[in-house]
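Each chain is listed here by its residues.
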Amino acid sequence: MSTRTIVVVSAGLSQPSSTRLLADQLAAATARGLPAGTQIITIELRELAHDIVDNLLTGFPSPALSQAIGQMLRADGVIAVTPLYNGSYSGLFKSFFDALDPETLAGKPVLIAATGGTARHSLALEHAIRPLFTYLRAVTVPTAVLAATEDWGSASSSGGALTARVERAGSELAALIDHSRPAVPADPYASVPSFEQLLHSR
Amino acid sequence: MQFGIFTVGDVTTDPTTGRTPTEHERIKAMVAIARKAEEVGLDVFATGEHHNPPFVPSSPTTMLGYIAAQTQDLILSTATTLITTNDPVKIAEDFAVLQHLADGRVDLMLGRGNTGPVYPWFGQDIRKGIELAIENYHLLHRLWREEVVDAHGEFRTPLQGFTSVPRPLDGVPPFVWHGSIRSPEIAEQAAFYGDGFFANHIFWPTEHFVRLVGYYRQRFAHYGHGTPEQAIVGLGGQVFMRKNSQDAVREFRPYFDNAPVYGHGPSLEDFTSQTPLTVGSPQEVIDKTLTFRDHFGDYQRQLFLMDHAGLPLKVVLEQLDLLGEVVPVLRRELDALRPAGVPDGPTHQARVAASLTEAAAELETSSR
């Protein structure tokens, strides 16, 4: 089987960011479940923040954003990680997915994860973030991962719960990718109806 | 090769003075701009069609008829005529009258319109945009070519024994362009009829349009209208010039930064590097415009957007003077590069001559 590609989207804003740290752990856990040589591409949305807003205003992506969109199209699986703001994804995270064509993630395995202040935010993944990917017709893995501030202490302080959850989510994504066909972006020109079809199809 | 200007007809506040022209001033300015286009040696003036504020050109043939009376050589066109929300019968009639009044100096560009609320004002639905464009144009095409038309479709009252009057001048309908920024279906439609395809690529990167125009050329050949290179392509452009490049950038920047379409977004520098917009000296405009041919092949019509973002009339007229100096250079360069067999921009005279040749050939074939 050809080499698989996982695209990691991290919407963390600080440097270093706990969102990126969680994203890296999830990517590593996923890669452990896939053949050696699996490619991991990380998209830091902070670096694309201006491009994303420009795209909202002009309707077309800059070369850098265009490259990221292409990577999403060709991804065999996606790990999407956002900080939680006001009980939901960050605006930047949502705006990036708004910049994608609606079909981009259709049928694609996606692992969703978030960082927040406390574990009380855990269900934001289920009531806000999973519905976004359901709308985009992505196939989200059952385990969504929230990392709260307390989870970043020693393994014993949270009983190693985060590590176990990361491993479980990563292996679920790896299994989904392993069982799916390689991503082949659709060619919009391949399916243009002929004029006769356009005229008589109604 | 034909060169001209196209206007959206927006009423926009000049961001440097805070002054907003009245609708009356804007309409009269559009006429002054069209007259200036002829004076500086341009070939085409095209107006948009809009039915909502802040735009004024809701009745393009009225305006073009008025301009026709004040010009001699200028081709009067549209960018675009809404094939979705206008009754194709009325388009056939309005443009036929205009064609007679202007002695053939008329063509039109069809577009769908992307403003959802406009559709229901005219009894239509934007979700049916492509279907409306296909059915309505099919009827328009017939109305100009068949003396008596019986037609029934999904979107319009049926016609029984209907004759659209007046008949096209010299029996040759106005040339039609189809404009689209993202729909291969419209490229397919233009190719099917052997009509022109206009890619208004001024707000988007070139690569996107290269694919669209390439598709049109390939389908044009598929439908037997000639080689891909012989397809009739028009392109948009957007320029602001001063003798010194720095002066152009300094003067245009506040207009760019506040422009309705891209204002408050990317920097002027990013936007000029990513789109066909050129802000600089006449030589820079020449250099950038010549690159269009490298991307799209030899083409027939180049239209520039000159009067937008609140630029005052005086500045627009100065811009047209500069464009009048740039265009002869572009015309010379591009005409010299165009191989024999690739047609020039469409004119009524050339189309009448072609139809006579065609008729003579048919007569010869049938008498044999």
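Quick note: structure is the one above.
Residues numbered from 1 in each chain as written. Chains lettered and ligands numbered in written order. Predicted model: local features only at pLDDT ≥ 70, side-chain atom pairs only at ≥ 80, totals over all residues.

A. Seen up close, helix H1 (residues 23–39) of chain B. All names here are of chain B. Its 17 residues give H1 an end-to-end C-alpha distance of 24 Å, which sits within 8% of 24 Å, the value for a rise of 1.5 Å per residue. Those residues of H1 that fall on the buried side of the exposure criterion are Arg-26, Ala-29, Met-30, Ile-33, Ala-34, Lys-36 and Ala-37. Seen from one end, H1 has its buried residues packed into an arc of 160°, which puts them on one side. Tucked inside the fold, the buried residues of H1 contact strand S1 (2–7), strand S2 (44–47), helix H2 (60–68) and helix H11 (313–337). Where H1 ends, the next residue or the one after it, Gly-41, has phi of about 95°, a positive value. (Helix = DSSP H or I, 4+ residues; strand = E, 2+ residues; numbered from the N terminus. Expected span 1.5 Å × (residues − 1). Buried ≥ 20, exposed ≤ 12 C-beta atoms within 10 Å, placed from the backbone. Arc of directions from axis to C-beta. Contact = placed C-beta atoms within 7 Å.)

B. Molecular detail of the pairing of strand S2 (residues 39–44) of chain A. Residue and element names in this part refer to chain A. As judged from the 6 bridges shared by strand S1 (residues 5–10) and S2, these two strands associate in the parallel manner. Considered in S2, the bridge of Thr-5 is made with Gln-39. Taken together, S1, helix H1 (residues 18–32) and S2 constitute a β-α-β crossover, and its handedness is right-handed. (Pairing = 2+ DSSP bridges. Right-handed = clockwise from strand over helix to strand, strands pointing away.)

C. Geometry of the interface of chain B and chain A. Taken residue by residue, the interface counts 20 residues in chain B and 14 residues in chain A. Of all elements in the fold, only helix H5 (129–145), helix H6 (184–193), helix H7 (206–222) and helix H9 (268–274) of chain B reach the threshold of two or more residues within the side of chain B that touches chain A. In terms of residues, the side of chain B that touches chain A owes the most to one element, H6(B), which gives 5 residues. Tallied by class, the residues present in the side of chain B that touches chain A amount to 9 nonpolar, 5 polar and 6 charged. (Nonpolar A, V, L, I, M, F, W, Y, C, P; charged D, E, K, R; others polar.)

D. Unusual backbone geometry, seen in detail. Residue B:Thr80 is bonded to the preceding B:Ala79 through a cis peptide linkage, with omega at 5°. Its identity is not glycine, yet A:Asn86 carries a phi of approximately 50°, on the positive side. If you trace the backbone, A:Asn86 turns up in the loop between strand S3 (77–83) and helix H4 (91–98). A:Asn86 gets classed as exposed once you count the C-beta atoms within 10 Å, which come to 9. Of note, B:Ala309 is a non-glycine position whose phi angle comes to about 60°, a positive value. Looking at the element boundaries, B:Ala309 is found in the loop between strand S12 (301–305) and H11. The exposure class assigned to B:Ala309 is buried, which follows from the 24 C-beta atoms found within 10 Å.

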